[in-house]
Amino acid sequence: MSEKRKKIFWALRLISSVGAFVFALLQVMGIWNKANFIAIALLVASLVLQAVQEWKQHKGVAVFSIIAAILVLGCTAYMMTL
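None of the values given here were measured: they were computed from a predicted structure. Think of each chain on its own: its residues are numbered from 1, step by step along the sequence as written. Confidence filtering applies because this is a predicted model: local features only for residues at pLDDT of at least 70, side-chain atom pairs given and counted only at 80 or more, and all residues used for totals across whole chains, interfaces and linings. The side-chain quantities take in all heavy atoms of the structure and omit both hydrogens and water.

With respect to the overall build of the chain
Now for step 1: Secondary structure counts use DSSP, requiring at least four H or I residues in a row for a helix and at least two E residues in a row for a strand, with both numbered from the N terminus. Helix and strand counts for the chain come out as three helices and zero strands.
Now for step 2: The order of α-helices and β-strands along the chain, N terminus first, is α-α-α.
Now for step 3: The contact criterion used is simple: two residues touch if any of their non-hydrogen atoms lie within 4.5 Å. When contacts within the chain are restricted to residue pairs at least 6 apart in sequence, long-range pairs at least 24 apart make up 46% of them.

Focus: helix α2 (residues 35-54)
Now for step 1: Multiplying one less than the number of residues by 1.5 Å gives the expected span of a helix. Here α2 contains 20 residues, and its C-alpha end-to-end distance of 29 Å stays within 8% of the 28 Å for a straight helix at 1.5 Å per residue.
Now for step 2: Every buried residue of α2 is accounted for by Ala35, Asn36, Ala39, Ile40, Val44, Ser46, Leu47, Leu49, Ala51, Gln53 and Glu54. Only protein chains enter the calculation, and the probe is 1.4 Å; a residue is then buried if its accessible area is under 20% of its type maximum, exposed if over 50%, and partly exposed in between.

Side note on the packing of helix α1 (residues 3-28) against α2
Now for step 1: At their nearest, the axes of α1 and α2 sit 8 Å apart, and the two run at 160 degrees to each other. With respect to each other, α1 and α2 are oriented roughly antiparallel. Handedness of the α1/α2 crossing: left-handed. Note on geometry: axes are C-alpha line fits, over the in-contact stretch for helices, and angles between N-to-C directions span 0 to 180 degrees. For classification purposes, an angle smaller than 35 degrees is called roughly parallel, one larger than 145 roughly antiparallel, one from 65 to 115 roughly perpendicular, and anything else oblique. The hand of a helix crossing depends on one turn: near helix anticlockwise from the far one by less than a right angle means left-handed, and clockwise means right-handed.

Looking at a nonpolar patch on the surface
Now for step 1: Residues enter patches when their relative accessible area tops 30% and they take part in no salt bridge; the joining distance is 9 Å for like charges and 5 Å for the nonpolar side chains Val, Leu, Ile, Met, Phe, Trp and Tyr. Only the protein chains shown count as cover for residues, and all accessible areas are computed by the Shrake-Rupley method using a 1.4 Å probe. Salt bridges are identified by distance alone: a Lys or Arg side-chain nitrogen within 4 Å of an Asp or Glu carboxyl oxygen. A grouping of Trp10, Leu14, Val18, Phe21, Val22, Leu25, Met29, Ile31, Trp32 and Ile38 is seen on the molecular surface, where their side chains present a nonpolar patch of about 1000 Å² in accessible area.
Now for step 2: For the nonpolar patch, the leading source of residues is α1, giving six residues.
Now for step 3: Summarising the element assignment, isoleucine 38 is placed in helix α2.

Regarding the packing of α2 against helix α3 (residues 59-81)
Think of two packed helices as two axes; the pair is described by the angle between the axes and how far apart they sit.
Now for step 1: α3 packs onto α2 with a crossing angle of 160 degrees between their chain directions and a minimal axis gap of 8 Å. The angle between α2 and α3 places the two elements in the roughly antiparallel class. At the point where α2 passes α3, the crossing takes the left-handed sense. Counted together, Asn36, Phe37, Ile40, Val44, Leu47, Val48, Gln50, Ala51 and Glu54 of α2 and Lys59, Val61, Ala62, Ser65, Ile66, Ala68, Ala69, Val72, Leu73, Thr76, Met79 and Met80 of α3 form the full contact between these two elements.
Now for step 2: All amino acids are sorted into three groups, where Ala, Val, Leu, Ile, Met, Phe, Trp, Tyr, Cys and Pro are nonpolar, Asp, Glu, Lys and Arg are charged, and the leftover types, Gly among them, are polar. Each residue belonging to the contact of α2 with α3 can be placed in one class, and the counts come to 15 nonpolar, four polar and two charged.

And the structure:
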């Protein structure tokens with residue numbers, strides 16, 4: 001992966017992680033009741049971006065990130081049915 005692509009993926013991961021943190025704070029502080037679903041979606045996006053970024057060098061980390069993203073999506077889908 002070229003340096004430019006690495007920087008782009010790093011920036012996207014940073015943006016999605018910070019966004020997830022902000023939306024989680026909105027949820028915890030009681031400002032927006034449904035902010036946790038956006039925070040979770042941004043967390044999943046961050047995990048997928050990590051998997052793509054790490055695929056060639058660290059396949060174990062990439063596979064773990066994909067499994068974690070699937071588990072988070074499954075738990076979120078279950079929470080939405082409650």
